[in-house]
Amino acid sequence: MASDDAPARKLRILILGGTGFTGPHQVRYALARGHKVTLFNRGREADIWGGQVEELIGDRNTGDLKALEGRTWDVCIDNPTTLPFWVRDAGRVLAGKVGQYIFISTISVYADTSKPGDESAPVLAYDGKDPMAETAATLAASQGPLYGQLKAVSEQEARRQFGDVATVIRPGLIVGPGDETDRFTYWPVRLARGGEVLAPGDGADPVQFIDARDLAEWTIRMAEQRAFGVFNATGPAHRLDMREMLAGVRAAVGSDARLVWVPTKFLDAQNVSAWSDLPVWVPGQGDTAGFAQRDIRRALAAGLTFRPLPMTSRDTLAWFRQQPEARQAKLKAGLAPDREAALLAAWKAKA
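Below is a summary of the structure that appears in this document. (Residues numbered from 1 in each chain as written. Predicted model: local features only at pLDDT ≥ 70, side-chain atom pairs only at ≥ 80, totals over all residues. Heavy atoms only, no water.)

### Remarks on the overall build of the chain
Along the chain, the regular secondary structure elements total 12 helices and 12 strands. The C-alpha radius of gyration of the chain comes to 21 Å, within 12% of the 20 Å expected for a compact globule of 351 residues. In terms of its C-alpha atoms, the chain occupies a principal-axis envelope of roughly 70 × 45 × 40 Å. Buried residues in the chain amount to 55% of all 351 residues. Long-range pairs, those at least 24 residues apart, make up 79% of the contacts in the chain between residues at least 6 apart in sequence. Surface exposure of the chain reaches about 15300 Å², of which carbon and sulfur atoms provide 51%. Of the side chains in the chain, 43 bear a positive and 42 a negative charge, and the two mean positions are spaced by 1 Å. (Helix = DSSP H or I, 4+ residues; strand = E, 2+ residues; numbered from the N terminus. Rg over C-alpha atoms; globule rule 2.2 N^0.38 Å. Buried < 20%, exposed > 50% of the residue type's maximum accessible area, 1.4 Å probe, protein only. Contact = heavy atoms within 4.5 Å. Areas by Shrake-Rupley, 256 points an atom, 1.4 Å probe, with all protein chains shown as cover. Lys, Arg positive; Asp, Glu negative; His and termini not counted. Charge placed at Lys NZ, Arg CZ, Asp CG, Glu CD.)

Okay, structure coming up:
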């Protein structure tokens, strides 16, 4: 959970984006701590702040950053950027105009996921023609590691544009209420439904993730501290495996579901995809052995804290149950009920 210590000074905070998953949590926390917040985005979302937040309109896709010109802020938090030219353009307007630039990156920048590592581990190299020519359309059409490559280039551009006042935060899987990907939500929803639940592997594979609220609040505290450098931001603070995670979620949502652990080798043979068909999980062996074992000691030393797993689980399920029926009818990640049933039947027949 977040620190309740009052900030030493009130900040003028510019948030690029601010209407997605983590942004509203940042705004809410910053306002509660007495900071002044400005949002810059395309203005496509309704104003939910009742005049408490200044809103500037522009479009980074077209290079329209005029609303930022001639202004200064204590800190800029760049939430949505994957495309390097967005960072370049922001730097052309804001370099020297902000006291700190916080770039939200991803642990997907790392080149080697076969072993654990800290922030000094090598990142992916861009293998395209021109990273500054990449767009949302080319990213959407890509296959493979382009997302991580472009985040890595964006980190480099952040340091080029903002120098020593750049802070790079590399989150792991971001979860919790408001997550439209369902990459964690699947588990509270599925376990709450009960019955036999297909669980991947033998339960010993490590997992890492972070509640969006913990990430958002810590980002604001990083601005208050003027903490610079690169930080892995995932959790929890202790090693967590899939068995412990699912047991914790099951208990939190009051489920009597029975977990059926199905070996990775069988899942591979059935073309069951880690991360998407069975969210949060990746095999703890081979090429992904280190994916969910990123070193977070720097972030912990800088004050990163975590909500308990039961709180994240219950809050996520409560949020999902408030969504429209059409949204609840089909999860965006995880196994569909009929496919899960077929896989369980096939495994029992083999076993």
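### Quick word on the sheet that holds strand E11 (residues 235-241)
The 3 strands lie next to each other as E7-E9-E11, forming an open sheet whose pairing is mixed. The open sheet terminates on both sides in strands that have one partner only, identified here as strand E7 (174-175) and E11. Looking at chain direction, E7 and strand E9 (residues 206-211) are connected through 2 bridges and run parallel. Its bridge partner lying in E9, isoleucine 174 is registered against isoleucine 210. Strands E7 and E9 of the sheet are contacted by helix H6 (residues 212-225), whose axis makes an angle of about 60° with E9. (Pairing = 2+ DSSP bridges. Axes fitted to C-alpha atoms, helices over the stretch in contact; angles between N-to-C directions.)

### A look at the pairing of strand E8 (residues 196-200)
Each regular strand displays side chains that alternate between the two surfaces of the sheet. Counting buried positions over the 5 residues of E8 gives 4, a clear majority of the element. One ladder, built from 5 bridges, connects E8 with strand E12 (residues 258-262); its direction is parallel. Bridge pairing in E12 links leucine 198 to valine 260.

### Details of the sheet that holds strand E5 (residues 101-104)
Across the sheet, which stays open at both edges, the 7 strands sit in the order E3-E2-E1-E4-E5-E6-E10 with parallel pairing between neighbours. Whereas interior strands pair on both sides, the edge strands pair on one side only; in this sheet they are strand E3 (54-57) and strand E10 (229-233). On average, each strand axis in the sheet is inclined to that of its neighbour by 20°, with strand direction left out of account. Pairing analysis gives 5 bridges linking strand E6 (residues 166-171) to E10, with the strands arranged parallel. Looking at the pairing, proline 171 lines up with alanine 233 of E10. Helix H1 (residues 23-32) rests against strand E1 (12-16), strand E2 (36-41) and strand E4 (75-78) of the sheet, and its axis sits at about 160° to E2.

### A closer look at the side chain of aspartate 241
Inspection of the secondary structure assignment puts aspartate 241 in strand E11. Of the side chains with opposite charge, arginine 239 lies nearest to the buried aspartate 241, which makes no salt bridge, at 4.3 Å. Among the polar contacts listed, one links the side chain of aspartate 241 to the backbone nitrogen of glutamate 244, at a separation of 2.8 Å. Residues within four places of aspartate 241 in sequence aside, it is in contact with Gly203, Ala204, Asp205, Pro206 and Val207. (Salt bridge = Lys/Arg side-chain N within 4 Å of Asp/Glu carboxyl O. Polar contact = N/O pair within 3.5 Å; in protein donor to acceptor, adjacent residues only side chain to side chain.)

### Notes on helix H12 (residues 337-350)
The end-to-end C-alpha distance of H12 is 20 Å, a good match for the 20 Å that 14 residues give at a rise of 1.5 Å each. Along H12, the residues classified as buried are Glu340, Leu343, Leu344 and Trp347. One face of H12 carries all of its buried residues, which in axial projection span an arc of 100°. Turned more than 90 degrees away from the buried face of H12 sit Asp338 and Ala349, all of them exposed. On its buried side, H12 packs onto helix H5 (186-193), E8, E12 and helix H8 (264-269). (Expected span 1.5 Å × (residues − 1). Arc of directions from axis to C-beta.)

### Examining the pattern of salt bridges
Summed over the entire model, instances satisfying the criterion amount to 24 salt bridges. A salt bridge links arginine 12 to aspartate 74, with the nearest nitrogen and oxygen atoms 3.4 Å apart. Placement of arginine 12 in strand E1 and of aspartate 74 in the loop between E3 and E4 is noted, with a sequence separation of 62 residues between them. Overall, the relative accessible area of 17% leaves aspartate 74 in the buried class. Here the salt bridges do not stand alone but share partners, grouping Glu180, Asp182, Arg327 and Lys332 into one network.

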